[in-house]
Amino acid sequence: MCGIVGYIGNRSCIDIIYKGLQRLEYRGYDSAGIAVLKNNEISMVKSEGKLAKLEASLSKLPQDASRGIGHTRWATHGIPDTINAHPHVDGSVALVHNGIIENYLELKSQLQKEGVKFVSQTDTEVALQMFIKLYKQHKDPSKTIFALVKVLKGAFSLGILLADHPDELFVVKYGSPLVIGRGQGENFFASDAMALVGHTSKFCFLNDKEIARITPNEIEIWNFAGESLPLQFTEVNISSASTEKQGFRHYMLKEIHEQPRVMSSMIKRFVNADAGTLNIADMGLDKLDLKRINNIHMVACGTAYYSAVAAKYMIEPAAGIPVNVELASEFRYRSPWLNRDSLVIAVSQSGETADTLACVKHAKDAGAQIFSICNVQMSSIPRASHATLYMEAGPEIGVASTKAFTGMLLAHYLVGLAMGVRRNRVSSDELKRALNDLRNLPALVEHAVDSKADVEKVCAKYYESTNFIYMGRGTSFPIALEGALKLKEISYIHAEGYAGGELKHGPIALIDRHMPVVALCPRDNQYEKMVSNIEEVKARQGRVIAVGAADDEALKVIGHDYLVFPEIANPALQAIISVVPLQLLSYYIAVMRGTDVDQPRNLAKSVTVE
Ligand code: M6R
C-alpha cells in the first residue's frame, strides 16, 4: 500500500509524477505529495485526502524542475493529514516510503535522545531522520543507505532525493514492490510499472534487499551487502487505454463488463477446442513435477481466498489430491505441514499481497513446489514461484475485485482438469466434455452482465438496509462469501456469507423482517436443500432475494425478489456466472448510497503490508 514514483531527466517532472501517482492511487488515497529539486533546492506540496486535492497546489512548484519524487498514502502510522503526508523533508533531504518500519519507536526514542525533533507521527520520518544522521557520518549517499538498511526493520521501499546530489535519485527495495523504468536521457522509478505507462516499456524489477542509484543516463544496482548487481530489463507493454474508464461511470462497472472478454481470451490461450485438449505448458504447469504431489495448499487473501474456496470443489476431485485452502495471513504463522511432495498454489490478482508472498517464501524454503495464479505480470509472487498462470485480465483498477475473481475461478477449473489429465484421472472423453462446457461460457457471462437493469430495480428496494445475509451451497457457497464481501467493501453495509446448511447453527437468530437474504439457487444437487433454507428464512420473516434461472418459476414465487442468472449444468462454471448478479447488486447499491465505488474508504487495492 502507498504508491511511490520518481523521475530524473530533462523534462519537467511535475506532470509525469502527478500522472504516475494517479495510476498508483489504487494503492492508497489518504494523502498525497510531491517534492521536486531545482537549483539545489527542494520544493514540496502535500495535501490530505485524494490526489485530486493536490492538483491545485502543483502551480506552487518550480514548473521546470526535472527531478522529483511523489507519494500517495494508505495511512499506517499517524492519521491521514497533511503533516503525516509524504514526502517527508528535512532541509536538503526528501524521502518517500512504502511499507512499515517496525522498529520505529525504538529508533525514534534513540534519535530524540540525540536531540532530533519530529513533526509527524509517521514511521517514515524516523527513516528520514536516521538517514540524515548517518549521512553526516558517511557523507556519501549510497554508503549512507547501506548503513541505513542495517538499522531499519520491517518493510521499506524508499525513494530519496538529495539537494546536494541533484543528478541522482536513490531507491531501496525491501518488502514492498519497486520497479525502475529506463528511458532515453531520463529514468523513472515506481511502485508499479503501470505508473510509467506512456513513458517506457523497459522495466527492471528490483528484488528485495536491493538499492539503486538512478541518474538521467545511468542506473546502478547493489545488494544490501554493497555488491554490484547486473541490470536485467524486461519489456512490459501496458496499453494506456486499458487503464482508462472508457466511458463507464466507474472502473468497477467497466471491469464487470470486461468479464466475457477475459473468459474468452483465457479459453483461447489455454484450451485447444478443436483437439479437445488443454495447453498445459501455457498454463505453466509443465514446469512442475505434478506426479510427485500428494498434498495441495491454496493460500490467498480476500476475494482471491474466496476463489480458492471454490477451487477446492474443482481441483480436489479432478486431481485426486487433498486441497487445503487457507488464509495467507494464518498459514504463514502456523508452521504448516509441508515437504517436497507439497504443492502450494498462491492466488493473487496483484501478485504483491504481503501475506501471500510470505507464504510463498516460507513454502519454498520448506521444499514445496510453488505455483501461482496472478494477474499482474512480473509482480513479486510470480517472481518467487516455480511456475505461474497469468490470467491476463488487464489492469484491474477498481478496489473491489471483479474480473480477477472470475478469471481466478476459470483458472482453477482449468488447473484442476490439467492435473487430472497429467495424473491420468481425467480421461480424454471426460476432458472433451469438460472443455465443451466452456464454449458458451463467455456468452453466458455476457448475458448475466446484460441483466443489470433488472438488478438495479431490486437494489432500489434494499439499498437502505443495514445488514445482509448471503447463502449458497456447493460452489455457490464461496460465491455467497464473495457477494457479501463485495457489498461490505463498496457500500459499507454489514454482510455475511454462509453455507446454506450453516444458517441454523447460529446465523438464523439474526433473521427478522429487516434482514435481506440473498439465496443462490442453481438447479444443482443441493437445490432442494436451498429451497428448504429459503423457507426457513421466510418463516422468520426474512426478506428473500432468490437468485436462479430465468425459467425457474417455482423459485420465483418463493422469494420476495428475484435475480436471474444463466444456468449451466457444470457447478464450477455456474459459480463464475452466478457471481455476476451479486457484483451488480453491490455496485448499484453502492451507487444509490453515494459511496466512492472505485476507492472505498479505508481500503487499498494492493495490500503490501501485514
Ligand atoms: O491482489 P490480491 O488478489 O492478492 O488481493 C487480495 C485482497 O486484498 C483482495 O482480493 C481484496 O479482498 C479485494 N479488495 C476484494 O475486492
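Described below are features of the structure shown in this document.

Okay, the packing of aromatic side chains next. This structure, assessed with the given rule, holds 10 aromatic pairs. On the basis of an interplanar angle of 55° and a centroid distance of 5.9 Å, the ring pair of Tyr174 and Phe224 is categorised as tilted. With Tyr174 in the loop between β8 (169-173) and β9 (179-182) and Phe224 in the loop between β13 (219-223) and β14 (228-229), this pair connects stretches of sequence that are 50 residues apart. Owing to a relative accessible area of 25%, Tyr174 belongs among the partly exposed residues under this scheme. Among the aromatic residues, those joined into a cluster by ring pairs are Phe156, Tyr174 and Phe224.

What surrounds the ligand is a group of 15 residues, the closest being Ser348, Gln349, Ser350, Thr353 and Glu489. Within the backbone of Val399, one N or O atom sits 3.0 Å away from a nitrogen atom of the ligand. When the free accessible area of the ligand is taken as 410 Å², the share hidden by the protein chains comes to 91%. In this structure the site holding the ligand corresponds to the largest pocket.

Once that is clear, we can look at the sheet that holds strand β26 (residues 543-548). Strand order in the open sheet formed by 5 strands is β24-β23-β25-β26-β27, and the pairing between neighbours is parallel. The open sheet terminates on both sides in strands that have one partner only, identified here as β24 (494-499) and β27 (561-564). On average, adjacent strands in this sheet sit at an angle of 20° to one another, irrespective of strand direction. Along the sheet, helix α14 (residues 452-462) makes contact with β23 (467-472), β25 (516-520), β26 and β27, crossing β27 at roughly 145°. Against the sheet, helix α18 (residues 571-593) touches β23, β25, β26 and β27, its axis set at about 155° to β25.

What follows concerns the layout of surface pockets. Approximately 730 Å³ is the volume found for the largest pocket. Considering the residues around the largest pocket, the lining is formed by 31 residues, among which Gly302, Thr303, Glu489, Ala604 and Val607 are closest to the centre. In terms of residues, the lining of the largest pocket owes the most to one element, helix α7 (residues 302-319), which gives 4 residues. Of the residues that constitute the lining of the largest pocket, the class distribution is 15 nonpolar, 10 polar and 6 charged. Two domains each provide a minimum of three residues to the lining of the largest pocket, namely domain 2 (246-448) and domain 3 (451-598). Considering only enclosed or pocket space, the second largest pocket measures out at about 600 Å³ in volume. Lining the second largest pocket are 34 residues, with Asp192, Ile238, Asn375, Val376 and Gln377 positioned closest to its centre.

Turning to the pattern of salt bridges, a few remarks are in order. A complete count under the given rule lists 30 salt bridges for this structure. Two residues, Glu220 and Arg213, come together in a salt bridge whose shortest N-O distance is 2.7 Å. Take Glu220: its relative accessible area is 30%, and that puts it in the partly exposed class. Between Glu396 and Lys605 there is a salt bridge, and its shortest N-O distance comes to 2.6 Å. With a gap of 209 residues between them, Glu396 in the loop between β22 (387-390) and α11 (403-422) and Lys605 in the segment after α18 connect regions that are remote in the sequence. Classification of Glu396 as buried rests on a relative accessible area of 4%. What you see here is one network of salt bridges that share partners, running through Glu168, Arg213, Glu218 and Glu220.

We now examine the pairing of strand β6 (residues 93-101). For a regular strand, side-chain orientation follows a simple rule: the groups alternate between the two sheet faces. For β6, a buried count of 9 out of 9 residues is recorded, marking the element as mostly surrounded by other parts of the structure. Of the strand pairs in this sheet, strand β5 (residues 88-90) and β6 are connected by 3 bridges, and their pairing is antiparallel. When the sheet's bridge partners are listed, Val89 is paired in β6 with Ala94. The antiparallel pairing of β5 with β6 creates a hairpin that spans 2 residues between the two strands, and Gly91 there sits at a positive phi of about 60°. In the sheet, β6 pairs with strand β7 (residues 154-162) via 9 bridges, with the strands oriented antiparallel. In the strand pairing of β7, Val93 is matched with Leu162.

Our next topic: the packing of helix α2 (residues 104-113) against helix α3 (residues 124-138). Direction vectors running N to C along α2 and α3 enclose 45°, while the axes themselves pass 10 Å from each other. What the angle tells us is that α2 and α3 run oblique. Viewed along their axes, α2 and α3 form a crossing whose handedness is left-handed. Across from Tyr104, Leu107, Lys108, Gln110 and Leu111 in α2, the residues of α3 making contact are Val126, Gln129, Met130 and Lys133. Classifying every residue of the contact of α2 with α3 gives 5 nonpolar, 2 polar and 2 charged.

Calculation criteria
- Residues numbered from 1 in each chain as written.
- Predicted model: local features only at pLDDT ≥ 70, side-chain atom pairs only at ≥ 80, totals over all residues.
- Heavy atoms only, no water.
- Phe/Tyr/Trp six-rings, centres within 6.5 Å; stacked < 30°, edge-to-face > 60°.
- Helix = DSSP H or I, 4+ residues; strand = E, 2+ residues; numbered from the N terminus.
- Buried < 20%, exposed > 50% of the residue type's maximum accessible area, 1.4 Å probe, protein only.
- Near = heavy atom within 4 Å.
- Polar contact = N/O pair within 3.5 Å; in protein donor to acceptor, adjacent residues only side chain to side chain.
- Areas by Shrake-Rupley, 256 points an atom, 1.4 Å probe, with all protein chains shown as cover.
- 1 Å grid on protein atoms, 1.4 Å probe; cavity = no way out; pocket = protein on both sides within 12 Å on 5 of 7 lines; lining within 4 Å.
- Sits in = over half its atoms within 2 Å of the grid points.
- Pairing = 2+ DSSP bridges.
- Axes fitted to C-alpha atoms, helices over the stretch in contact; angles between N-to-C directions.
- Contact = heavy atoms within 4.5 Å.
- Points joined across faces, edges and corners; volume = space filled by probe spheres on them.
- Nonpolar A, V, L, I, M, F, W, Y, C, P; charged D, E, K, R; others polar.
- Domains from an automatic or database assignment.
- Salt bridge = Lys/Arg side-chain N within 4 Å of Asp/Glu carboxyl O.
- Parallel < 35°, antiparallel > 145°, perpendicular 65-115°, else oblique.
- Left-handed = near helix turned anticlockwise from the far one by under 90°.

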